[in-house]
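Examination of the molecular architecture
Residue-level listing of the chains:
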Amino acid sequence: MENLISKIKEVNLLGRSGSMFPVALKWEAVKSSNALRKFVICNASEGEIETFKDYYILKNYPEVVVEGVNLAIAETGAEKAYIYLNKDYYKEIAAVLENFIGENIEIVEKKGGYVGGEETSLIEAIEGNEPEPRIKPPFPSYEGLWGFPTLVNNVETLYCVAKINQDEYKNERFFSIGGDAVNKGVFMLDKDMTVKQVMEDTNNIPSFDYFLQIGGGAGGTILLPGEIEDKIFDCLGSVVVYNREKTDPYLLLERWVDFLLEGNCDKCTPCREGLLRIKEMIEKKDFEEIDDIFLVMGDTSLCPLGKVAVNPFKSLLTKIVFKNENRD
Amino acid sequence: MKIEINGKSLTAEKGEMLLAVAKRHGIYIPTLCHHSDIKAGASCRLCLVEADGKVVTSCSTKICEGMVVKTDTEKVKKARKINLELLFAQHEEECDDCIWKTNCKMLSLAKDFGVEITRFEDRKSHYPVYNFGISLEYDSSKCIDCRNCVKICKKQGVEFLEIRKRGNLKEVVPSEKENRDCVYCGQCIIHCSSGAFEAVGEFEGIEEPFKEKEKTVIFQIAPAVRSTIGEEFGLPYGEVSTKKLVAALKKLGGDKVFDVSTGADFTTIEESKEFIQRVKEKNLPMLTSCCPAWVKFVEFYYPEFIPNLTTVRSPHIILGGLIKSYYAQKEGIDSQNIKVVSVMPCVAKKHEIGREELKANGVKTVDYVMTTREVGRLLKDNKIDFKNIKEEEIDCFFGEPSGSGVVYGASGGVMQSAFYNISGEEADFKEVRKGLRVAEVEFGGEKLKLAVVHGLGNAKKVLEELKEDPQKYDYIEVMACYGGCIGGGGQSVPTEEDIRRKRKEGLGRAGDEKEFRKAKDNTRVAGVYEGFLDSDEKISGICHTKYKRVKKNEN
């Protein structure tokens, strides 16, 4: 039988959390370690606004996901796996998963806010600490849970692995479409589709004036209708549709900043202070100094949250707010 | 491993952090929240460099083979500047009343980076000040959220400082839990990046001891202050400046300046007697008690070990008691007219002098405790030129202290003094783990295990070991602060690992200069026993105390 990791490599499976990290590399790192203990974590924290593809997968294909988890345990030689589950659907999905898991899989309810879904934060949470990100490197594949090599994969990634193992993987990807979309839902399509194709295939090209947010309703980037043609999903498979007429960009900015302020960990200066200053700027509608904040958040934040948080603000401001107000 | 920094090829060890490598090769990278005692938190984001084209924090980035590093690219400089401007926006400046007044890292970086410190509006002006007992104060409006204090408090095994969420922001607060209390070690003060912690009375009321002109003011200086006070005036780390300090304190208004090291000789003699007694009675282990933060730690967190604490008072309390009794009597001064001021490396001593059971004949033995920092400030405020002052000899009413009385100020000093006093031999200590040294000795036909611990977190581990195996150690010296009193919470800032080492070396040199090493060879001390401490009752009134279980906020 062909080695599973080679098969994953062959199809070039990339992390479906949106990290786009080559999955085989993580698996190899954990597998090749001689550590006394190893662990697997299935990340089902799904903290992005208006994104529900992991929920959909867990609800509809729980046995496939659990199979993926079991394959990860077997392949890496891990002693145990954890499924780290979003608290909004913890009860419902845990009850479903119970039917498929063995004793070597434990379901853990997510702690904390948005940053609690970051891979090292959830490791902290499982260890019983505050869900706050660790300094990387070391990456979890080398030093994860209690310092032991730990494979952390998204729900969809593990789903794909199970499919690859059964030779049934057909380049599928799950796209979550929400917001003001006329045809909301989660759709299984080809992973290489452009944003436009995804919208067309799901009957979601709006008849009204719109803009989209790709990659999550908090950390995603704003795209105008003219930009969707060639854009592929090099990020989380999530589309949020906004009806331009009905959407007050300032309210949207405020919603993001409040969500991120609530959900970050306040550990590092640029993210903690930068978001606060962005909030202040939104209130004053004065963005004179915002490029400096973007610079430090984007380049010097401790974890991906602060870095990703620049996307929505920068793209909405430059593509819509400043254009509306005839700024540069 | 080979890496390249700013075009220069350098060698480094695998696993080293970039910042450490740069420092070792004399390449400057600005830092703020970095401290040698704490694992990098990478919070302030000022030690940025570009490594292989990526902006990273050098404090938390391990080197890898062939890494190409640039420490001063335009991008890095710009990002550091903005991050520092953001830090200033959460820091209420109170520069006049700050322990970093003359060597503030934030201000000096601001100057280097060309930072506008008021670029963003201050956001913490309404944040509260917290008092911890009578020793410590925390002004949360100055906090820059680096969390060094929380980490060091946890490392001390105290866990009194916590992170709490208020609204959508986390902040550092004292714990409200009933089973958590401050023990006043003051390590938060010297590990804080932004001067948010200080001793009570560090600024206000500092002139208090000199207000009543008719009183006789007697200073007594702790062992560990002599090799650190010079730092306040830019003297090299570890330089011993006892005689300068004596002259400066006299100028300040001190009528006499005594040496707490002599008090240490009394402590040693009493502790030796108690130990011999306890060995006979098999009432072991015995724990030292001259560190008041450690005493409070035992009283609050481990009351089951109270009976193990030696009943001997700490050196400055004994000497203070003798000043107000024996000395006062000899000199014909009413003890009510004497103000005793202890110059201490410690903020817990401020709490200690308020303890009821440490009075002697109903009188407070020590009236004021001033830290090394406070004395430094007071001398500067009074424009006393410490560096060039004409040196004066310390007053020797109680005699020259022994050499071992002087080394009380560094971890291991108390134990060395006591054991040397008892046996005339040096115990051979070996480091068992970080913060714990152990020696096996023979005494009175018995094999005994001596332990020396510094850092309360390390002491906590030893107590846990004793719970498992009460015979694990027989005599344990504990100092709450890293390196002992030379790393005390009242010492000058910065206090870092290499600085503590130099302070310790300086103290060792001061001890070696003394004519004799054994406490009991101190003839003047022996004279005090003959002429004054001539009954058990008198000895007990001046030299011994008792302890009690304490609840939160009780003292």
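Further up the page is the structure itself.
These remarks concern the structure in this document. All of these numbers come straight from a predicted model, not from anything done at the bench.

A look at the environment of B:Glu214
Take B:Glu214: it is sitting in the loop between strand E10 (197-199) and strand E11 (216-221). The spacing of B:Glu214 and B:Ile338 is 124 residues in sequence and 9.4 Å in space, taken between C-alpha atoms.

Focus on the sheet that holds E10(B)
The strands making up a sheet associate through backbone hydrogen bonding, with each pair oriented either parallel or antiparallel. Residues and elements named next belong to chain B. Strand order in the open sheet formed by 3 strands is E6-E7-E10, and the pairing between neighbours is antiparallel. Whereas interior strands pair on both sides, the edge strands pair on one side only; in this sheet they are strand E6 (129-132) and E10. Ignoring which end each strand starts from, the neighbouring axes of this sheet average 20° apart. Pairing analysis gives 3 bridges linking strand E7 (residues 136-139) to E10, with the strands arranged antiparallel.

Digging into the packing of helix H9 (residues 249-263) of chain A against helix H12 (residues 304-324) of chain A
All names here are of chain A. The geometry of H9 relative to H12 is characterised by a closest axis approach of 11 Å and an angle of 170° between their N-to-C directions. In terms of axis orientation, H9 runs roughly antiparallel to H12. Contacts from Pro249, Tyr250, Leu252, Leu253, Trp256, Val257, Leu260 and Gly263 of H9 reach H12 at Leu305, Ala309, Pro312, Phe313, Leu316, Leu317, Val321 and Asn324. Partitioning the contact of H9 with H12 into residue classes produces 14 nonpolar, 2 polar and no charged.

Some words on a positive patch on the surface
On the surface, B:Lys14, B:Lys39, B:Lys62 and B:Lys151 cluster together into a positively charged patch. For B:Lys151, the position within the fold is in helix H4 (residues 148-155).

Thoughts on unusual backbone geometry
The residue after A:Lys136, namely A:Pro137, is reached through a cis peptide bond having omega -10°. Along the polypeptide, A:Pro137 turns up in the loop between helix H6 (119-126) and strand E4 (150-154). The phi torsion at A:Trp146 lies on the positive side, around 50°, for a residue other than glycine. Relative to the helices and strands, A:Trp146 resides in the loop between H6 and E4. Residue classification places A:Trp146 among the partly exposed positions, given a relative accessible area of 40%. Positive phi values are uncommon outside glycine, yet B:Arg147 reaches one of about 70°.

Let's talk about the sheet that holds E11(B)
Residue and element names in this part refer to chain B. With respect to topology, 4 strands assemble into an open sheet ordered E12-E11-E14-E15, the strand pairing being parallel. Only two strands of the sheet have a single partner each, and these edge strands are strand E12 (256-259) and strand E15 (368-371). The sheet shows a mean angle of 25° between the axes of neighbouring strands, direction not considered. In this sheet, E12 lies alongside E11 in parallel orientation, the contact comprising 4 bridges. The residue of E12 that forms the bridge with Phe219 is Val257. The strands touched by helix H7 (residues 260-281) are E11, E12 and strand E14 (338-344); relative to E12, the strand with the most contacts, the crossing angle is about 40°. Running over the sheet, helix H11 (residues 372-381) touches E14 and E15 and is turned about 85° from E15.

Quick look at the packing of aromatic side chains
Scanning the entire structure with this criterion turns up 35 aromatic pairs over all chains. Consider the rings of A:Phe287 and A:Phe322, whose centres lie 6.0 Å apart with planes at 55°: the pair is tilted. In this pair, A:Phe287 sits in the loop between helix H10 (269-284) and helix H11 (290-300) while A:Phe322 sits in helix H12, placing the two residues 35 residues apart along the sequence. Plain terms: the ring middles of B:Phe397 and B:Phe398 are 5.0 Å apart, the flat faces sit at 80° to each other, and that makes the pair edge-to-face. Taken together, the ring pairs connect B:Phe258, B:Tyr326, B:Tyr327, B:Phe397, B:Phe398 and B:Phe532 into an aromatic cluster. Taking the ring centre of A:Tyr250 as reference, the NZ or CZ of A:Lys285 above it sits at 4.3 Å.

Here we look at the pairing of E11(B)
Of all the 6 residues making up E11(B), 6 are buried; the element is thus mostly covered by neighbouring parts of the structure. Regarding the hand of the β-α-β motif, the stretch spanning E11(B), helix H6 (residues 242-252) of chain B and E12(B) is right-handed.

Observations concerning the nonpolar core
Ranked by internal contacts, the top residues of the largest apolar core, which has 139 residues, are B:Phe132, B:Phe197, B:Trp294, B:Leu322 and B:Leu533. Element by element, the count of residues in this core is highest for helix H9 (residues 315-331) of chain B, at 8 residues. Non-local contacts of B:Phe132, meaning those with residues more than four positions away in its chain, are made with B:Tyr138, B:Phe160, B:Leu161, B:Pro174, B:Cys182, B:Tyr184 and B:Phe197. In this structure, A:Phe211, A:Leu252, A:Ile320 and B:Val55 belong to the second largest nonpolar core, which totals 70 residues.

Definitions and limits used
- Residues numbered from 1 in each chain as written.
- Chains lettered and ligands numbered in written order.
- Predicted model: local features only at pLDDT ≥ 70, side-chain atom pairs only at ≥ 80, totals over all residues.
- Heavy atoms only, no water.
- Helix = DSSP H or I, 4+ residues; strand = E, 2+ residues; numbered from the N terminus.
- Pairing = 2+ DSSP bridges.
- Axes fitted to C-alpha atoms, helices over the stretch in contact; angles between N-to-C directions.
- Parallel < 35°, antiparallel > 145°, perpendicular 65-115°, else oblique.
- Contact = heavy atoms within 4.5 Å.
- Nonpolar A, V, L, I, M, F, W, Y, C, P; charged D, E, K, R; others polar.
- Patch = residues over 30% accessible without salt bridge, like charges linked within 9 Å, V, L, I, M, F, W, Y side chains within 5 Å.
- Areas by Shrake-Rupley, 256 points an atom, 1.4 Å probe, with all protein chains shown as cover.
- Salt bridge = Lys/Arg side-chain N within 4 Å of Asp/Glu carboxyl O.
- Lys, Arg positive; Asp, Glu negative; His and termini not counted.
- Charge placed at Lys NZ, Arg CZ, Asp CG, Glu CD.
- Buried < 20%, exposed > 50% of the residue type's maximum accessible area, 1.4 Å probe, protein only.
- Phe/Tyr/Trp six-rings, centres within 6.5 Å; stacked < 30°, edge-to-face > 60°.
- Lys NZ or Arg CZ within 6 Å of the ring centre and 35° of its normal.
- Right-handed = clockwise from strand over helix to strand, strands pointing away.
- Core = buried A, V, L, I, M, F, W, Y, C linked by side-chain atoms within 4.5 Å.

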